[in-house]
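# Descriptive analysis of the structure
Given next are the chains, with one letter for each unit.
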Amino acid sequence: MPTPSPLHQRLATHLTQREAEGTRRRLTLPAMGLVDFSSNDYLGLSRHPAVQRAVQQAVEASAGSTGSRLLTGNSAAAEELEIQLARFHQAEAALLFNSGYAANMGFFAAVPRRGDTILYDEASHASVKDGIRSSFATAWSFRHNDLADLERKLVRATGAVFVAVEALYSMDGDMAPLPELTALCQARGLYLVVDEAHTNGLYGPRGEGLVVELGLQEEVFARVLTFGKALGSQGAAIVGPAILRDYLLNFSRPFIYTTALPPLTIAGLIAAYQVLPTFAAERQQLFALSDYLKATLNAVPGLRVPAESHIIHPVFFTDSFTPAHVRQLAGTAHQHGFDVRPIVSPTVPVGTERLRLIVHAYNTQAEIDGLAEVLTQAVAART
């Protein structure tokens, strides 16, 4: 066997270190028949008959994307969807991207320029941070949901100043203080960018998102709306001024140099957006179950679910739990029929390891009670 190269040895060393820390990532296949407390399909739209029918019809009628949208991958359906998105989310224009990650990368690497400033919440998604790294703008983080710290950082800001937040944060399930943020940005001439990955489809009179629910769509410069959560599909869009769409189409590399979304995805999204306004009862069920889960798990000795979490619920432990212990607890839940996932560093800071539970409109109180019973026994056995 040939001697491993220095690069092979370096890669192996890092993997071994992750293994020892209990933080090494591995792919796992979806387990069939488990109660879903993990997927992002909040409303169950991926399984809706109208959406499935539209996807099947698109499969039968068309081939793949064939290229980027600036070459052969554009379609009347894609442009129809963008018009529909802009109207639905009360914006001038929308531009499709292949994922929320690509949309955040595409915005922050292209729009802020040298001499500009980006101020971003420290809990922002990795895609925001990676987009910022690709920008020539100066960037600083501010403490999570801390407007006083944001204002302190503004003293050093130059050029066009962008403020990046998530409407609902993906690991803690808490919300950005959007009314206060928009007031600050309006008063100081800042450009607010809101990632609505986890609020699109859930908030607003018809599911238009939290920004629309709060009536702030005129004050927010750009919104990133992903479709892999409540819409049950894939892809994303950036909505905002028409000139922003035109600029991104010309300068956003993740848009320009990416094969377009396939016709079946476009068809599914058009159908999902037609169904979404009728899901008021499902959204109310989701919120009610979310409250029930918090109350139920907070009654379990040794567990703590923050009161401010919504839909996404981090489950912390009052005793000391290592990453390995958190993984074992999730494994125990799996063995009892519940799809529960552990979240450990480096996804979250060391010492904040947790289970991450996601509630869906199709979950039930009985399922939550069953999960609580399993976790009660597992935590008691551990302590």
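Summarised in this report is the structure supplied together with it. All figures in this text were calculated on a predicted structure; none of them were measured in a lab. (Residues numbered from 1 in each chain as written. Predicted model: local features only at pLDDT ≥ 70, side-chain atom pairs only at ≥ 80, totals over all residues. Heavy atoms only, no water.)

### Structural notes on the layout of surface pockets
Any space left empty among the atoms is revealed by the rolling of a water-sized probe across them. Approximately 1400 Å³ is the volume found for the largest pocket. T28, S38, R341, P342 and I343 are the residues nearest the centre of the largest pocket, which is lined by 45 residues in total. Sorting the residues of the lining of the largest pocket by element identifies α4 (100–110), α13 (323–335), β12 (341–343) and β13 (354–358) as the ones contributing at least two each. Per-element tally for the lining of the largest pocket: the top contributor is α13, with 4 residues. Here the residues of the lining of the largest pocket sort into 15 nonpolar, 19 polar and 11 charged. (1 Å grid on protein atoms, 1.4 Å probe; cavity = no way out; pocket = protein on both sides within 12 Å on 5 of 7 lines; lining within 4 Å. Points joined across faces, edges and corners; volume = space filled by probe spheres on them. Helix = DSSP H or I, 4+ residues; strand = E, 2+ residues; numbered from the N terminus. Nonpolar A, V, L, I, M, F, W, Y, C, P; charged D, E, K, R; others polar.)

### A few points about the packing of α4 against helix α9 (residues 242–251)
Here α4 crosses α9 at 90°, and the two axes come no closer than 10 Å. By the angle class used here, α4 and α9 are roughly perpendicular. In contact with G106, F107 and A110 of α4, α9 contributes L244, Y247, L248 and F251. (Axes fitted to C-alpha atoms, helices over the stretch in contact; angles between N-to-C directions. Parallel < 35°, antiparallel > 145°, perpendicular 65-115°, else oblique. Contact = heavy atoms within 4.5 Å.)

### Considering the side chain of S252
For S252, the position within the fold is in the loop between α9 and α10 (253–256). Classification of S252 as buried rests on a relative accessible area of 0%. Of note is the side chain of S252, whose polar atom sits 3.2 Å from the backbone oxygen of G106. Residues within four places of S252 in sequence aside, it is in contact with F97, G106, A110 and Y247. (Buried < 20%, exposed > 50% of the residue type's maximum accessible area, 1.4 Å probe, protein only. Polar contact = N/O pair within 3.5 Å; in protein donor to acceptor, adjacent residues only side chain to side chain.)

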